Amino acid sequence: MSTASAGSTVAPDFLAPDVLAPDFFDSEQVITCHDRATGLRAVIAIDNTRLGPGFGGTRWRPYATPEAAVIEAQRLAAAMTLKHACADLPYGGAKSVILADGPAALQGDERRAALLAFGEFVARTNGAYIPGVDMGTTPTDMRVIEERGGRAFCDEVDPGPYTARGVYAAMRAGVRHALQRDMDGVRVVVQGTGQVGASLARFAAADGAILSVADIDGARAQALADELGASVVDPHEAPFTDTDVFAPCAVARVLTADNASRVRAQVVAGAANDTLDSAEAGEALRAAGITVVPDFVANAGGVIQVHAGVVGWDESTLAEALEQIGGRVDGILAEAQERGVTPEQTARDLAAQRLTKAAN
Ligand SMILES: NC(=O)c1ccc[n+]([C@@H]2O[C@H](COP(=O)([O-])OP(=O)(O)OC[C@H]3O[C@@H](n4cnc5c(N)ncnc54)[C@H](O)[C@@H]3O)[C@@H](O)[C@H]2O)c1
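As the structure is a prediction and not an experimental result, all values here were calculated from the model. (Residues numbered from 1 in each chain as written. Predicted model: local features only at pLDDT ≥ 70, side-chain atom pairs only at ≥ 80, totals over all residues. Heavy atoms only, no water.)

**As for the sheet that holds strand β3 (residues 54-62)**
Ordered by their spatial adjacency, five strands build an open sheet running β1-β2-β4-β3-β5, and the pairing between neighbours is mixed. Each edge of the sheet is formed by a strand with only one pairing partner; in this case those strands are β1 (29-35) and β5 (129-133). Taken pair by pair, the neighbouring strands of this sheet meet at an average axis angle of 25 degrees, ignoring direction. Taken together, the seven bridges between β3 and strand β4 (residues 92-100) define a ladder with parallel strand orientation. Paired with Phe 55 across the two strands is Gly 93, which belongs to β4. Those strands touched by helix α4 (residues 139-146) are β3 and β5, and its axis lies near 150 degrees from that of β5. (Pairing = 2+ DSSP bridges. Helix = DSSP H or I, 4+ residues; strand = E, 2+ residues; numbered from the N terminus. Axes fitted to C-alpha atoms, helices over the stretch in contact; angles between N-to-C directions. Contact = heavy atoms within 4.5 Å.)

**Digging into the sheet that holds strand β11 (residues 291-292)**
One open sheet accounts for six strands, arranged β8-β7-β6-β9-β10-β11; its pairing is parallel. The open sheet has two edge strands, β8 (231-232) and β11, and neither has a second partner. Bridge count between strand β10 (residues 267-268) and β11: two bridges; the pairing is parallel. Considered in β11, the bridge of Val 268 is made with Val 292.

**Some words on the domain arrangement of the protein chain**
Domain assignment breaks the protein chain into domain 1 (4-146) and domain 2 (160-354). With centres defined by C-alpha atoms, the gap from domain 1 to domain 2 works out at 23 Å. Between domain 1 and domain 2, the residue contacts involve 30 residues of the former and 26 residues of the latter. Carbon and sulfur atoms make up 64% of the surface buried where domain 1 meets domain 2, a total of about 2400 Å² over both sides. If you look at where domain 1 meets domain 2, you find three salt bridges. In this structure, the salt-bridge partner of Glu 72 is Arg 253, at a minimum N-O distance of 2.8 Å. Only β3 and α2 (66-86) provide two or more residues apiece to the side of domain 1 that touches domain 2. Of the residues forming the side of domain 1 that touches domain 2, the biggest block, ten residues, is contributed by α2. (Domains from an automatic or database assignment. Buried area = accessible area lost by both parts, 1.4 Å probe. Salt bridge = Lys/Arg side-chain N within 4 Å of Asp/Glu carboxyl O.)

**As for the site of the ligand**
Lining the immediate surroundings of the ligand are 28 residues, of which Arg 59, Thr 163, Asp 215, Arg 220 and Ala 250 lie closest. One of the backbone nitrogen or oxygen atoms of Ile 216 is found 3.4 Å away from a nitrogen atom of the ligand. For the ligand, whose accessible area on its own is 830 Å², the fraction buried by protein is 95%. Taken together, the residues of the shell around the ligand break down into twelve nonpolar, eleven polar and five charged. In this structure, the shell around the ligand is formed jointly by two domains, domain 1 (4-146) and domain 2 (160-354), each of which donates at least three residues. (Near = heavy atom within 4 Å. Polar contact = N/O pair within 3.5 Å; in protein donor to acceptor, adjacent residues only side chain to side chain. Areas by Shrake-Rupley, 256 points an atom, 1.4 Å probe, with all protein chains shown as cover. Nonpolar A, V, L, I, M, F, W, Y, C, P; charged D, E, K, R; others polar.)

**Overview of unusual backbone geometry**
Of note, the phi angle at Asn 126 is positive, near 55 degrees, even though the residue is not glycine. Examined against the element boundaries, Asn 126 turns out to sit in the loop between α3 (108-124) and β5. With phi around 60 degrees, Cys 154 is a residue other than glycine that occupies positive phi space. As for its placement among the helices and strands, Cys 154 is situated in the loop between α4 and α5 (160-179).

Below, the structure written as structure tokens:
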């Protein structure tokens with residue numbers, strides 16, 4: 001998440017609380033936070049701490065209802081558990097959301113006061129929850145949160161570029177698997193031209209891919225298109241464009257059981273968390289012969305970079321770990337094909353094995 005986009009309008013997404021609500025008790029702990037002095041309302045969801053402290057970004061955006069915010073926090077926290085387990089990282093899964101009152105992000109003293117209040121709630125978890133950046137928050141915000149004594153990650157480096165490198169390794173693996181080719185001449189549609197989407201588009205363009213880009217911020221999409229010689233497509237039609245690869249890099253749950261039949265891409269590989277609204281969506285896409293790279297495997301580059309900082313890896317060790325995402329995707333796609341199940345199911349099974357092993 002770039003600082004520049006912290007103040008941008010956030011689009012409505014596809015959250016439908018009645019359909020998507022997880023069991024409230026799926027998470028280890030869900031904390032609703034209300035600071036009366038600043039009006040801050042936030043949710044911290046700690047999904048699973050079997051592998052380590054719950055780490056996951058803080059998303060700051062408007063929600064249609066408080067319930068939608070709780071559901072989003074729980075779903076994204078569960079995805080973090082899977083992400084860390086698949087990437088073999090010593091963290092649990094967690095996530096937090098701060099409920100914005102309107103589309104314009106708080107700035108200046110008001111923003112700082114809200115973040116300090118949030119930092120107090122983070123500190124109260126006594127290390128069980130470690131925030132990081134996500135849509136609507138920045139490394140500067142993490143440093144403010146830490147002033148209340150809790151720990152935060154991503155307080156110096158924005159993980160976005162590292163996430164993009166990992167997603168690109170995952171995309172190449174998806175294309176190898178489904179199309180048996182490299183990226184030269186492959187048509188790619190990137191939905192969301194923010195921090196990750198723009199870097200991803202640049203990587204693909206540099207390897208000869210033919211790019212189309214989409215963003216609800218039309219000027220941002222156009223600027224990237226001009227830079228890359230790409231075309232611009234409607235942000236809401238992006239998932240259904242006639243293309244080889246669709247890369248969701250914006251909001252969650254853009255692919256659903258209802259709209260899966262409209263997807264024309266042969267490969268789906270992107271950064272957005274929680275891209276599929278349900279297992280049924282994944283099954284429908286598999287039945288249609290579409291290779292969907294699990295988002296929580298593809299977008300682990302950012303958390304890998306965070307871990308590299310914690311344990312002191314040098315740049316080449318980090319670069320190798322980011323490239324390994326591609327190898328992991330190769331293995332997951334091959335196994336899924338052999339078993340006749342979705343790649344997401346295969347990756348979930350891999351995560352479950354690691355979690356079970358950690359418990360023994
Ligand atoms: N930044 C990371 O390290 C990281 C790590 C893992 C996952 N992700 C996920 O990747 C996605 C992108 O992250 P980012 O850091 O690039 O965020 P960002 O805020 O920098 O960019 C998101 C972009 O998407 C656009 N957008 C919003 N709604 C849209 C819509 N409906 N259609 C098209 N465009 C839309 C925004 O205008 C913005 O340009 C998010 O879902 C995020 O959770 C990011």
